[in-house]
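Structure at a glance
Here's the letter readout for the chains.
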Amino acid sequence: MKKLISICVPMYNEAENVDAFYKQLTTTIRPLTQKYDFEFLFINDGSIDHSVKKVKALTLADVRVKLLDLSRNYGKEVAMAAGFDYCLGDAVITMDADLQHPPKVILEMVEQWEAGYLDVYGKRNERKGESFLKKKMSEIYYKLLVKFSKVEVLPGVGDYRLLDRVCIDSIRKMKETQRYTKGLYMWIGFRKKEVNFDAEERFAGETKWKFMDLLKLGIDGLTSNTTFPLKIAGILGGILSFSSMLYMVYILITTLIYGTSVPGYPTLVTLILLLGGFQLISLGIMGEYLGKIFHETKNRPLYFVQEYTGKKIELEKIQL
Ligand code: UDP
Ligand code: MG
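Residues numbered from 1 in each chain as written. Chains lettered and ligands numbered in written order. Predicted model: local features only at pLDDT ≥ 70, side-chain atom pairs only at ≥ 80, totals over all residues.

1. A closer look at the pairing of strand β1 (residues 3–11)
Short version of the rule: Burial is judged by counting the other C-beta atoms within 10 Å of a residue's own C-beta: 20 or more makes it buried, 12 or fewer makes it exposed, and any count in between marks it as partly exposed, with every C-beta position built from the backbone. A helix here means a DSSP run of H or I that spans at least four residues, while a strand means a run of E at least two residues long, and both kinds are numbered starting from the N terminus. Crossovers are described as right-handed under a simple rule: with the strands pointing away from the observer, the path leading from the first strand over the helix to the second runs clockwise. We call two strands paired when DSSP finds no fewer than two bridges between them.
Across the 9 residues of β1, 7 count as buried, placing the element largely inside the fold. In this region the chain leaves β1, passes through helix α1 (residues 15–29) and returns to the parallel neighbour strand β2 (residues 36–44); the handedness of that crossover is right-handed. Where β1 meets strand β4 (residues 91–94), 4 bridges bridge the pair, whose relative direction is parallel. Within the sheet, the bridge partner assigned to Cys8 lies in β4 and is Thr94.

2. Description of the environment of Gln34
Mapped onto the secondary structure, Gln34 falls in the loop between α1 and β2. With 7 C-beta atoms packed within 10 Å, Gln34 lands in the exposed category.

3. Some remarks on the UniProt feature "transmembrane region" (unreviewed entry) in the protein chain
Formally: UniProt positions are given in the numbering used here, feature names are shortened, and annotations may be inferred rather than shown by experiment.
Following the UniProt record, the feature "transmembrane region" (unreviewed entry) maps to residues 232–253 and 265–290 here. Segment residues 232–253 splits into 100% helix and 0% strand. End C-alpha atoms: 32 Å apart. Helix makes up 100% of residues 265–290 and strand 0%, with an end-to-end C-alpha separation of 37 Å.

4. Let's talk about the packing of α1 against helix α2 (residues 51–61)
Short version of the rule: Helix axes are fitted only over the stretch in contact, all axes being lines through C-alpha atoms; the angle between N-to-C directions runs from 0 to 180 degrees. Relative orientations are named as follows: roughly parallel for angles under 35 degrees, roughly antiparallel for angles over 145 degrees, roughly perpendicular for angles from 65 to 115 degrees, and oblique for any other angle. Crossing chirality is assigned from the near helix's rotation relative to the far helix, an anticlockwise turn below a right angle marking it left-handed and a clockwise turn marking it right-handed. By the criterion used throughout, residues are in contact when their C-beta atoms, derived from the backbone, lie within 7 Å.
Contact pair α1 / α2: the axes reach a minimum separation of 8 Å and the direction vectors enclose 25°. Classed by the angle they form, the pair α1 and α2 counts as roughly parallel. Classified by chirality, the crossing of α2 by α1 is right-handed. Across the interface between the two elements, Ala15, Val18, Asp19 and Tyr22 of α1 pack against Ser51, Lys54, Val55 and Leu58 of α2.

5. Considering the nonpolar core
The condition that has to hold: Remark: nonpolar core denotes a set of buried Ala, Val, Leu, Ile, Met, Phe, Trp, Tyr and Cys residues whose joining runs through C-beta atoms within 7 Å.
Counting residues in hydrophobic clusters, the biggest one holds 56 residues, and the most contacted among them are Ile7, Cys8, Val9, Leu41, Ile43, Ala82 and Ile93. By residue number, the principal contributor to this core is helix α3 (residues 76–86), which donates 7 residues.

6. Remarks on the confidence of the model for the protein chain
As a reminder, the rule being used: The quantity known as pLDDT measures the predictor's confidence residue by residue, on a range of 0 to 100.
Predicted confidence across the protein chain gives a mean pLDDT of 83, with 92% of residues reaching 70 or more. The ipTM value of the predicted complex is 0.93, and its pTM value is 0.75.

7. A few points about unusual backbone geometry
Look at Leu99: it is not a glycine, yet its phi comes out positive at around 65°. Inspection of the secondary structure puts Leu99 in the loop between β4 and α4 (105–114). For Asn299, which is not a glycine, the phi torsion comes out positive at approximately 55°. Position of Asn299 among the secondary structure elements: in the loop between α10 (265–298) and β8 (305–308).

Shown next, in the form of structure tokens:
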């Protein structure tokens, strides 16, 4: 029996890209179809355009195309988790619908998979069509993340990757609601292999990531992979206490020698503000983690599905 490869594509308002993506994908993988079966699982993440209609049209023309329609927009991370739950392949390839992930890399990924690697990830050579600021920020961010988290997250590595069934089953066991999938991939381990690719510009439409989304993902990445920020408060507190002790000794001595000194209002105000600031920041950091605990303890399902166009028999194989 042929091995099955699932292509998982989360999409949010990608109607303009679906057809071009499908066409480019299917032509590129044609040489592989002799050896492998394919399924193309489009995960609709609550699109408000015609994405669903477009994919449905494809399902009629090609039985390999399946639609998983989520009940609303959950964000890409959750959409991918849903994809992992519903894909049936022996290997699963996740990629974006906007053609920023060139399909030809799949050939190389599959080759590496056959060579025994279980997690073959695409690494961007260069980012076309992205602002200098965004590039720089993501660079700094990854440096910070790698420095502070015990899990090594690789810079330039996105969500274009091939995962063996073993990896998929491992990731499916991690039910955390605030997901930072890149961290999960590294956390599960398994034999990894890098393949390089040139990121293309978005085919049509605009990026769905607003600055605030990226900031949120960034904070999630840090707080779900490391508890280092929690220690900052302790460290700062230590430094402050120590230096204020020195300062106290200094004041004590000067007062003893020169008598009482009344001035000092500016120093006082500065110190109060500084300390107040530190305290609020540390409270904020704790709040961030507390919020995470709050969300996890609710133990809600990650997502709801309103339609899956795959076969019933296949659904039975998917044990949730
Ligand atoms: N996406 C999604 N849900 C969202 C936002 C994005 O499923 O809430 C999908 C989107 O349709 C695309 C992929 O995630 O296939 C990457 O999104 P985008 O191209 O906007 O991000 P960028 O490439 O700019 O990082
Ligand atoms: Mg994109």
